[in-house]
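Residues per chain, in single letters:
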Amino acid sequence: MAGRPKIEMAYATARAVVREPMSDRSSDLVDQWRDVLAVLRSEFGDVSSGMLKRLDVIGQEGERVLVGVPTHFIRDFVGRHYGDRIRSAWAAINPAVRSVTLHVRPDVGAARNEAPSPPLGERGARPSLDERRSTAFAASPTEPPVDEDSFSQGYGVRPDAGMREAPTTQSEVAELPLGDLSGRLDPRFTFERFIVGKPNEFAVAAAERVASSPKPSFNPLFLHGGVGLGKTHLMHAIAWRVRQRDPQRKIVYLSAEKFMYQFVRALREQNTIGFKELFRSVDMLMVDDVQFISGKESTQEEFFHTFNALVDRGKQIVISADRSPSDLSGLEERIRSRLSWGLVADIHPTTYELRLGILQSKAEQMRLDVPLRVIEFLAHRITSNVRELEGALNRIVHQASLTERVVSIEMASEILKDVLRAADRRVTIDEIQKSVVDHYGLKLTDMTSSRRSRAVARPRQVAMYLSKLLTPRSLPEIGKRFGGRDHTTVMHAVRQIERLVVEDKALAEDVELLKRRLQA
Ligand SMILES: Nc1ncnc2c1ncn2[C@@H]1O[C@H](COP(=O)(O)OP(=O)(O)OP(=O)(O)O)[C@@H](O)[C@H]1O
């Protein structure tokens, strides 16, 4: 049967993924999980003492969020009592999430909570085949069967996880005394897997130079570009390459959010000296999504001192952000200017040729025979960013392997209906911000600044509202583009404008006009 080999690929994938620790567990995802728990708390009372406290988010696979549970009993109980509510609360917070899957992972919740004795029936019992499947709450659950191995450690279907190069596991970059300081490196994010084209060739050349020089050639390397265009991939690639060349070099890679979190923790534990010593002892500091520290004054101050100390000692710094240093509002001028000291490299939106190359390479990594015309179709239609492109390919491949259908353009159009519809009427957040500032006579930096005067704050809320309405971006993603604001701020803005357009005729006209202009 034509589709058979694809199903086997799905099995192999499930096996290959099981040894990976929590992957794709972005801070946005963790925030969303916190919000879901808050919803449950408001509806079901204190969730910190019951079974729900034993759950933790593990990661995301396209539209599906993976939540880890320590035992089958808890999985079944939570699934029965809270499953649907978890899914609907999540979808309300992030509409991109369509399903939530509970995975049995004995390590989940173990560190924080004492494991209660398992119910009698569970002790030593061999799980039934049904039990060995995860519990999914989706409109149409389509879990692939899993084997014993994947059952015992949890699994996730990530099609290319089985095919990796030199690094074989996710890895802490450096073992540092403050414990969980450094972010994890994704083994897929290597230079070998990064496809180079006109939009990113400069950034790649700069990244390769940094990765291969024993001393900083330019400091810092500042990589910037829109969402999902490969900034994190390139940073991890630098770290992997440096590690390969010189395993002794102490590299710390972390998000700006984590930097802040560590700093706040050090303050709380009165261990700022330890914090300083720690960061100043590294050979290469890589900070992802630095826009996050906009408006966070003490963190900026500490970052500034760390930055200067490392540069003085001739240590390499690599920074990424969603915009250039000069557009990073909410950052002190002295920091902005420091960030531009070295080399600023922009990753531009993808071209058709680059998208084609990326898709071909991903299909090869998955050892899949996707017809060229389907790849061309995707490259033509999904132009927003590489993450979405990958997501689209993954969805097609999963469906093909589960339903044993042959991959075709008709099949791709059907599976990606929602994505393609959104792509057809695609408006970007940049366009929205630009239209709004033109309309209200403001500056682009007002969209990301911390100014709160009504004359600035209201148009900013309008822009957030339009971003939610006209783009497929999630609330956290929108917040990120508005100076690193929290997703609850975006939610508040959306509700505020929805309410105001009913009461305020002038505002309603503004919003309508902007909408028409943007969609024209
Ligand atoms: N040129 C490329 N070749 C291969 N894969 C790519 C390329 N660019 C991006 N990707 C892939 O796209 C996905 C998103 O990339 P990445 O996470 O690095 O984006 P980002 O710019 O850091 O996004 P964000 O601003 O949301 O943090 C990753 O899976 C990455 O491997």
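Computed from a predicted structure; not experimentally measured.

**Describing the overall build of the protein chain**
For step 1, the next point in the chain: In terms of helices and strands, the protein chain carries 20 helices and 11 strands.
For step 2, the next point in the chain: Within the protein chain, the proportion of its 520 residues that are buried is 43%.
For step 3, the next point in the chain: Residue pairs in contact within the protein chain that sit at least 24 positions apart in sequence constitute 76% of those at least 6 positions apart.

**Considerations on the environment of Asp322**
For step 1, the next point in the chain: Note that Asp322 resides in the loop between strand S10 (316-321) and helix H10 (333-339).
For step 2, the next point in the chain: Along the chain, Asp322 and Lys480 lie 158 residues apart, while their C-alpha atoms are 8.4 Å from each other.
For step 3, the next point in the chain: Leave out the neighbours within four places in its chain, and Asp322 touches His224, Gly226, Val227, Gln291, Lys480 and Arg481.

**Brief notes about the nonpolar core**
In a soluble, globular protein the nonpolar side chains are often hidden away together inside.
For step 1, the next point in the chain: Ranked by size, the top nonpolar core spans 72 residues in total, and within it Ala207, Leu234, Ile238, Ala239, Leu285, Met286 and Leu378 carry the most contacts.
For step 2, the next point in the chain: Taken together, domain 2 (171-347) and domain 3 (369-421) each give at least three residues to this core, which thus spans both.
For step 3, the next point in the chain: When residues no more than four places from it in sequence are discounted, the contact partners of Leu378 are Leu359, Leu389, Ala392, Leu393 and Ala412.
For step 4, the next point in the chain: Counting 41 residues, the second largest nonpolar core, distinct from the first, contains Leu55, Leu66, Trp90 and Val490.

**Observations regarding the site of the ligand**
For step 1, the next point in the chain: Residues in close proximity to the ligand total 19 residues, the closest being Gly230, Lys231, Thr232, His233 and Val386.
For step 2, the next point in the chain: Of all the secondary structure elements, the ones that give two or more residues to the shell around the ligand are helix H6 (231-245) and helix H13 (386-403).
For step 3, the next point in the chain: Its residues assigned to classes, the shell around the ligand comprises 7 nonpolar, 6 polar and 6 charged.
For step 4, the next point in the chain: A domain split of the shell around the ligand shows at least three residues from each of domain 2 (171-347) and domain 3 (369-421).

**Digging into the packing of helix H16 (residues 429-440) against helix H20 (residues 505-519)**
For step 1, the next point in the chain: Axis separation between H16 and H20 bottoms out at 11 Å; the angle between their running directions is 135 degrees. One way to sum up the angle between H16 and H20 is to call them oblique. In this structure, the crossing between H16 and H20 has a hand that is right-handed. Of H20, the residues touching H16 (which contributes Glu431, Ile432, Ser435, Val436 and His439) are Asp510, Leu514, Arg517 and Leu518.
For step 2, the next point in the chain: For the contact of H16 with H20, a count of residues per class yields 4 nonpolar, 2 polar and 3 charged.

**Describing unusual backbone geometry**
Trans peptide bonds make up most of the peptide bonds, and negative phi angles are found at most residues other than glycine.
For step 1, the next point in the chain: In the segment running from Asn219 into Pro220, the intervening peptide bond is cis, with an omega of 0 degrees.
For step 2, the next point in the chain: Mapped onto the secondary structure, Pro220 falls in the loop between helix H5 (201-212) and strand S7 (221-225).
For step 3, the next point in the chain: Even without a glycine there, the phi angle at Asp289 is positive, about 55 degrees.
For step 4, the next point in the chain: The topology assignment puts Asp289 in the loop between strand S9 (284-288) and helix H9 (297-312).
For step 5, the next point in the chain: Here Asp289 falls in the buried class, since 22 other C-beta atoms lie within 10 Å of it.

**Quick look at the sheet that holds S9**
For step 1, the next point in the chain: The parallel open sheet is built from 5 strands, whose spatial order is S8-S9-S10-S7-S11. In this open sheet, the two edge strands, each paired with only one partner strand, are strand S8 (251-255) and strand S11 (343-347). Taking each pair of neighbouring strands and ignoring which way they run, the sheet shows an average axis angle of 15 degrees.
For step 2, the next point in the chain: Bridging between S7 and S10 involves 4 bridges; their strand directions are parallel. Note on S10: the bridge partner recorded for Leu223 is Ser320.
For step 3, the next point in the chain: Packed on one face of the sheet, H5 meets S7, S10 and S11 and runs near 135 degrees to S11.
For step 4, the next point in the chain: The sheet contacts of helix H7 (residues 256-268) involve S8 and S9, and relative to S8 the element is tilted by about 100 degrees.

**A few points about the confidence of the model for the protein chain**
For step 1, the next point in the chain: Within the protein chain, residue pLDDT values average 76, and 77% of them lie at 70 or more.
For step 2, the next point in the chain: Within the model, pLDDT remains below 50 along residues 110-181, and this stretch shows 140 contacts once partners closer than five positions in the same chain are excluded.
For step 3, the next point in the chain: Confidence metrics for the complex model read pTM 0.57 and ipTM 0.99.

**Quick look at the pairing of strand S1 (residues 56-61)**
A regular strand places its side chains so that they alternate between the two faces of the sheet.
For step 1, the next point in the chain: With 5 of 6 residues buried, S1 lies mostly within the body of the structure.
For step 2, the next point in the chain: As judged from the 5 bridges shared by S1 and strand S2 (residues 64-69), these two strands associate in the antiparallel manner. Looking across to S2, one finds that Gln60 is bridged to Val65.

**A few points about the pairing of S9**
For step 1, the next point in the chain: By the criterion of burial, S9 is predominantly enclosed, with 5 of the 5 residues buried.
For step 2, the next point in the chain: Going residue by residue along S9, you find Met284, Met286 and Asp288 tucked away on one face and Leu285 and Val287 tucked away on the opposite face as well.
For step 3, the next point in the chain: Of the crossover connections in this fold, the one passing from S9 over H9 to the parallel S10 is right-handed.

**What to know about the environment of Tyr465**
For step 1, the next point in the chain: On the secondary structure map, Tyr465 appears in helix H17 (residues 454-470).
For step 2, the next point in the chain: The sequence separation of Tyr465 and His492 amounts to 27 residues, and the corresponding C-alpha distance is 9.4 Å.
For step 3, the next point in the chain: Beyond its immediate sequence surroundings of up to four residues, Tyr465 is in contact with Ala493, Val494 and Ile497.

**Some points on H13**
For step 1, the next point in the chain: When the terminal C-alpha atoms of H13 are compared, their 26 Å separation across 18 residues agrees well with the 26 Å that a helix rising 1.5 Å per residue should span.
For step 2, the next point in the chain: All of the buried residues in H13 are Val386, Glu388, Leu389, Gly391, Ala392, Leu393, Ile396, Val397, His398, Ala400 and Ser401.
For step 3, the next point in the chain: Positive backbone phi, at 60 degrees, marks Glu404, one or two positions downstream of H13.

**A closer look at the packing of H5 against H6**
Helix packing for two helices is described by the angle between their axes and how far apart those axes are.
For step 1, the next point in the chain: Here H5 crosses H6 at 25 degrees, and the two axes come no closer than 9 Å. Accordingly, the angle class assigned to the pair H5 and H6 is roughly parallel. In the crossing of H5 with H6, the sense of the turn from one axis to the other is right-handed. For the pair H5 and H6, the contacting residues are Ala203, Val204, Ala207, Val210 and Ala211 in the first and Leu234, Ala237, Ile238, Arg241 and Val242 in the second.

Cut-off values and rules
- Residues numbered from 1 in each chain as written.
- Predicted model: local features only at pLDDT ≥ 70, side-chain atom pairs only at ≥ 80, totals over all residues.
- Helix = DSSP H or I, 4+ residues; strand = E, 2+ residues; numbered from the N terminus.
- Buried ≥ 20, exposed ≤ 12 C-beta atoms within 10 Å, placed from the backbone.
- Contact = placed C-beta atoms within 7 Å.
- Core = buried A, V, L, I, M, F, W, Y, C linked by C-beta atoms within 7 Å.
- Domains from an automatic or database assignment.
- Near = placed C-beta within 6 Å.
- Nonpolar A, V, L, I, M, F, W, Y, C, P; charged D, E, K, R; others polar.
- Axes fitted to C-alpha atoms, helices over the stretch in contact; angles between N-to-C directions.
- Parallel < 35°, antiparallel > 145°, perpendicular 65-115°, else oblique.
- Left-handed = near helix turned anticlockwise from the far one by under 90°.
- Pairing = 2+ DSSP bridges.
- pLDDT = per-residue confidence, 0-100.
- Right-handed = clockwise from strand over helix to strand, strands pointing away.
- Expected span 1.5 Å × (residues − 1).

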